[in-house]
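Below, each chain spelled out in residue letters.
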Amino acid sequence: MFERLDQLEAELEQIESALSDSQIASDKERLQTLLKRYGEIHPVVEKYRSYKKLQRQLNEAKELLSSEEDEELRRLAQEEVEQISAQVERLEMELLEELLPKDLNEGKTVIMEIRAGAGGEEAALFAADLFRMYVRYAERKGWKVEVFHSHPTELGGFKEVILAISGKDVWRSLKYESGVHRVQRIPITESSGRIHTSTATVAILPEPEEIDVQINEDDLEIETMLSSGPGGQHMQKNETAVRIRHKPTGIVVVCQDQRSQYQNKVRAMRILRAKLIEMMRREQEQKITQVRKAQIGTGDRSEKTRTYNFPQNRVTDHRIGLTVYNLNEVLDGELDEIISAMRRHEMHQLLAADSHIQGEHLRLKEGE
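Residues numbered from 1 in each chain as written. Predicted model: local features only at pLDDT ≥ 70, side-chain atom pairs only at ≥ 80, totals over all residues. Heavy atoms only, no water.

What follows covers the overall build of the protein. Helix and strand counts for the protein come out as 9 helices and 11 strands. Relative to its 368 residues, the protein shows a buried fraction of 40%. Within the protein, contacts between residues at least 6 apart in sequence are counted, and of these 62% link residues at least 24 apart. Counting every atom, the protein has about 21100 Å² of accessible surface; 48% of that belongs to carbon and sulfur. (Helix = DSSP H or I, 4+ residues; strand = E, 2+ residues; numbered from the N terminus. Buried < 20%, exposed > 50% of the residue type's maximum accessible area, 1.4 Å probe, protein only. Contact = heavy atoms within 4.5 Å. Areas by Shrake-Rupley, 256 points an atom, 1.4 Å probe, with all protein chains shown as cover.)

Okay, here's the thing in structure tokens:
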């Protein structure tokens, strides 16, 4: 990362020197090209210069901390180290983001599907725990949550629940949550006190705009039905639930949580568009690479994205080897530590891959 930033800083200095040349000023086309490039890299370089300044201040504060004997001065130095370290970490993340290509799904609403996997009723209860976790996380972020469809169980779990989450940086934060989530605990249905392992799957889809995917009405098979629920007063007598089947692909979407048939149809169409876009994306990936993994796997216990271990108060993300010991806080929606670690990991990987591609391109040019 720093090698590329150094290159950008050197390029900016060259552009600044060129812009002061009177000959360049008379060449309008060349001048416009330089000004455009200047506008692209100047904010990044300025942020990099701020980063380097903070890094120098951090090193000075650490030297003072290591050499100072007075307790009060050491305390002040330690506070300064912690404060500057937080600023350095924030700037480093921002610089990483500046160097990477923009995500095409940035700013889009997220369609989240949570489904019970292996483990029967305990898996359904865990799916409900994940649902509450994401709703609490959304509340902390000030995001809007809309429940499109749910299939509750008698004990308060969910066989499946589909929701839309919208707000600032929703896709950037939640895109890492897809996969198989595994829980290890003693189920409430277990009388012998044995620890069980159950799973739930989470799928994250960006909600497309209507113009992103065109759907022919003749390709849709739409049915209405009575909304199902846990029973009692929740039962509805009107046919408000909507089931839509996309005949060319076989995709089926059901929505029943709204009071009107129209509202359920609108939300079902939003889910269908997201699923069709995801299907097209996967087909494109298959053309590029012969081997790919499905986003959420099968839901089998042996597959795992993240494990929530109750006896050890532990949450482990297996993709990056991160373990935290604050399970209750995580299930209450405190996901920032895990998501930030995933973002850093992904950005470093993308940057490394991008640097490798650039290196290969340069070697090919040199060999021509």
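What follows concerns the nonpolar core. One recurring pattern in soluble globular proteins is that nonpolar side chains are buried together. Ranked by size, the top nonpolar core spans 38 residues in total, and within it Met112, Ile114, Leu130, Tyr134, Leu174 and Tyr308 carry the most contacts. Listed by contribution, the elements that provide at least two residues to this core are strand S1 (110-116), helix H5 (120-141), strand S3 (158-166), helix H6 (170-174), strand S5 (196-206), strand S11 (322-324), helix H8 (327-331) and helix H9 (336-367). Broken down by element, this core gets its largest block of residues, 10 residues, from H5. Non-local contacts of Leu130, meaning those with residues more than four positions away in its chain, are made with Ile114, His181, Ala200, Val202 and Tyr308. (Core = buried A, V, L, I, M, F, W, Y, C linked by side-chain atoms within 4.5 Å.)

Our focus in this paragraph is helix H1 (residues 2-19). With 18 residues, H1 ought to run about 26 Å at 1.5 Å a step, and its terminal C-alpha atoms sit 26 Å apart, in line with that. Residues of H1 that are buried include every one of Arg4, Leu5, Leu8, Glu9, Leu12, Ile15 and Ala18, and no others. (Expected span 1.5 Å × (residues − 1).)

Take the sheet that holds S1 next. Strands sit in the order S2-S3-S1-S5-S4-S9-S10-S11 across an open sheet of 8 strands; the sheet is mixed. The open sheet has two free edges, formed respectively by strand S2 (144-152) and S11, since each of these has just one partner strand. With direction set aside, neighbouring strand axes in the sheet form an average angle of 15°. Where strand S4 (residues 179-185) and strand S9 (residues 306-309) come together, 4 bridges link them in parallel fashion. By the bridge assignment for S9, Gln184 is matched with Asn309. (Pairing = 2+ DSSP bridges. Axes fitted to C-alpha atoms, helices over the stretch in contact; angles between N-to-C directions.)

As for its placement among the helices and strands, Arg314 is situated in strand S10 (residues 314-317). Buried Arg314, no salt bridge; nearest opposite-charge side chain is Asp317, N-O distance 11 Å. Reaching out from Arg314, the side chain makes a polar contact with the side chain of Gln312 at a distance of 2.8 Å. In contact with Arg314, not counting residues within four places along its chain, are Gln184, Thr307, Tyr308, Asn309, Thr323, Val324, Tyr325 and Leu327. (Lys, Arg positive; Asp, Glu negative; His and termini not counted. Salt bridge = Lys/Arg side-chain N within 4 Å of Asp/Glu carboxyl O. Polar contact = N/O pair within 3.5 Å; in protein donor to acceptor, adjacent residues only side chain to side chain.)

Bringing the sheet that holds strand S6 (residues 220-225) into the picture now. Strand order across the open sheet formed by 3 strands is S6-S7-S8, with antiparallel pairing between neighbours. The two strands at the open ends of the sheet, each matched to only one other strand, are S6 and strand S8 (251-255). Within this sheet the neighbouring strands show an average axis-to-axis angle of 15°, counted without direction. Relative to strand S7 (residues 241-246), S6 runs antiparallel, the two being bridged by 6 bridges. Among the inter-strand pairings, Met225 is bridged to a residue of S7, identified as Ala241.

Glancing now at helix H4 (residues 71-99). For H4, built from 29 residues, the straight-helix expectation of 42 Å at 1.5 Å per residue is met to within 8% by its first-to-last C-alpha distance of 42 Å. Taken as a whole, H4 has its buried residues at Ala77, Val81, Ile84, Val88, Leu91, Met93, Leu95, Leu96 and Leu99.

Here we come to the packing of aromatic side chains. Per the counting criterion, the structure on display carries 4 aromatic pairs. Between the aromatic rings of Tyr137 and Trp143, the centroid separation amounts to 5.4 Å while the plane-to-plane angle is 90°, which identifies the pairing as edge-to-face. This pair shows no difference in class: Tyr137 is buried, exactly as Trp143 is. (Phe/Tyr/Trp six-rings, centres within 6.5 Å; stacked < 30°, edge-to-face > 60°.)

Moving on to the pattern of salt bridges. Applying the stated criterion to the full structure yields 34 salt bridges. Between Glu13 and Arg49 there is a salt bridge; the shortest N-O distance is 3.9 Å. Pair noted here: Glu13 is in helix H1 and Arg49 is in helix H3 (residues 28-67), with a separation of 36 residues, a long-range link. A salt bridge links Arg115 to Glu113, with the shortest nitrogen-to-oxygen separation between them at 2.7 Å. Within the structure, one salt-bridge network assembled from shared partners comprises Glu9, Glu13, Glu46, Arg49 and Lys52.

The predicted model of the protein has a mean per-residue pLDDT of 82, with 86% of residues at 70 or higher. Contacts for the low-pLDDT stretch residues 230-236, under 50 throughout, to residues beyond four places or in other chains number 5 contacts. Overall, residues 288-296 carries pLDDT values under 50, and its contacts beyond four positions in sequence, including any with other chains, amount to 17 contacts. (pLDDT = per-residue confidence, 0-100.)

Most of the time, phi is negative for any residue but glycine, and the peptide bond is trans. Of note in this structure, Asp169 is not a glycine but carries a positive phi near 65°. Inspection of the secondary structure assignment puts Asp169 in the loop between S3 and H6. Residue class for Asp169 comes out partly exposed when judged on its relative accessible area of 25%. Even without being glycine, Asn313 reaches a positive phi, approximately 55°. The topology assignment puts Asn313 in the loop between S9 and S10.

Close contact between H3 and H4 brings their axes to 9 Å; oriented N to C, the two are set at 155°. When the axes of H3 and H4 are compared, the pair comes out roughly antiparallel. Along this stretch, H3 crosses H4, giving a crossing that reads as left-handed. (Parallel < 35°, antiparallel > 145°, perpendicular 65-115°, else oblique. Left-handed = near helix turned anticlockwise from the far one by under 90°.)

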